Every structure is written in structure tokens, then in C-alpha cells.
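Observations on the three-dimensional arrangement
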Amino acid sequence: MPAINTAIVARDAVHQLARRENWAQQEAGVVVVFAIVFVVGVGLLGLWISKCISKRKAKKAGMAA
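Residues numbered from 1 in each chain as written. Predicted model: local features only at pLDDT ≥ 70, side-chain atom pairs only at ≥ 80, totals over all residues. Heavy atoms only, no water.

1. Topic: the overall build of the protein chain
Test applied: In this description a helix means any DSSP run of H or I spanning at least four residues, a strand means any run of E spanning at least two, and both kinds are numbered starting from the N terminus. Relative accessibility decides the category of a residue: with a 1.4 Å probe and only protein chains considered, values under 20% of the type maximum give buried, values over 50% give exposed, and everything between is partly exposed.
Counting its secondary structure elements, the protein chain contains three helices and zero strands. For the protein chain, the succession of helices and strands along the chain, N to C, is α-α-α. With 65 residues in all, the protein chain has 0% of them scored as buried.

This is how it looks when you write it as C-alpha cells:
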């Protein structure tokens, strides 16, 4: 008989995983805030990249003329 029965260990691990509660479902407001902050951050990053690209194009057009 082995010292540690792997079937019991696996069953306990599965039981512990199944017992966990869904944090995102309980704290829906926090998830919404994270989503809004992410969308705003991506929008600001896109705006900044767009400005950098337009500055580069204007500078390149100024040099060519």
C-alpha cells in the first residue's frame, strides 16, 4: 500500500476547485470598473499613437517640400 493514495489526493483537489465561488459574479461592479478603465486606457493610448503618427507624417512632408 503506498504512503499517499493518489486517487484521494486527486479527489480532494477536484473537490476544492469545485467548491470555489465565482468572485466575478459576486463582484460584478468591480469587473465593470476594470472593463471601463481598460477601454478608456486603450482609447487614450490609441489617441496618443495617432498623434505621434500624424506628427511624423507632417514632419516627413515638411522635409520633402
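So, next bit.
2. Some remarks on the confidence of the model for the protein chain
The criterion, for reference: Think of pLDDT as the predictor's per-residue confidence, scored from 0 to 100.
Per-residue confidence for the protein chain gives a mean pLDDT of 85, with 77% of residues at or over 70. The element-level mean pLDDT for the protein chain is lowest in helix 1 (residues 6-19), coming to 70, with helix 3 (residues 28-64) highest at 95.

3. Observations concerning a nonpolar patch on the surface
Condition: Patch definition: residues above 30% relative accessible area lacking any salt bridge, with like charges linked at up to 9 Å and the nonpolar side chains Val, Leu, Ile, Met, Phe, Trp and Tyr linked at up to 5 Å. Residue burial considers only the protein chains on display, and all accessible areas are found by Shrake-Rupley using a 1.4 Å probe. A carboxyl oxygen of Asp or Glu within 4 Å of a side-chain nitrogen of Lys or Arg is what we treat as a salt bridge.
On the surface, V32, I36, V40, L44 and L47 cluster together to form a nonpolar patch covering roughly 460 Å² of accessible area. By the secondary structure assignment, I36 is in helix 3.

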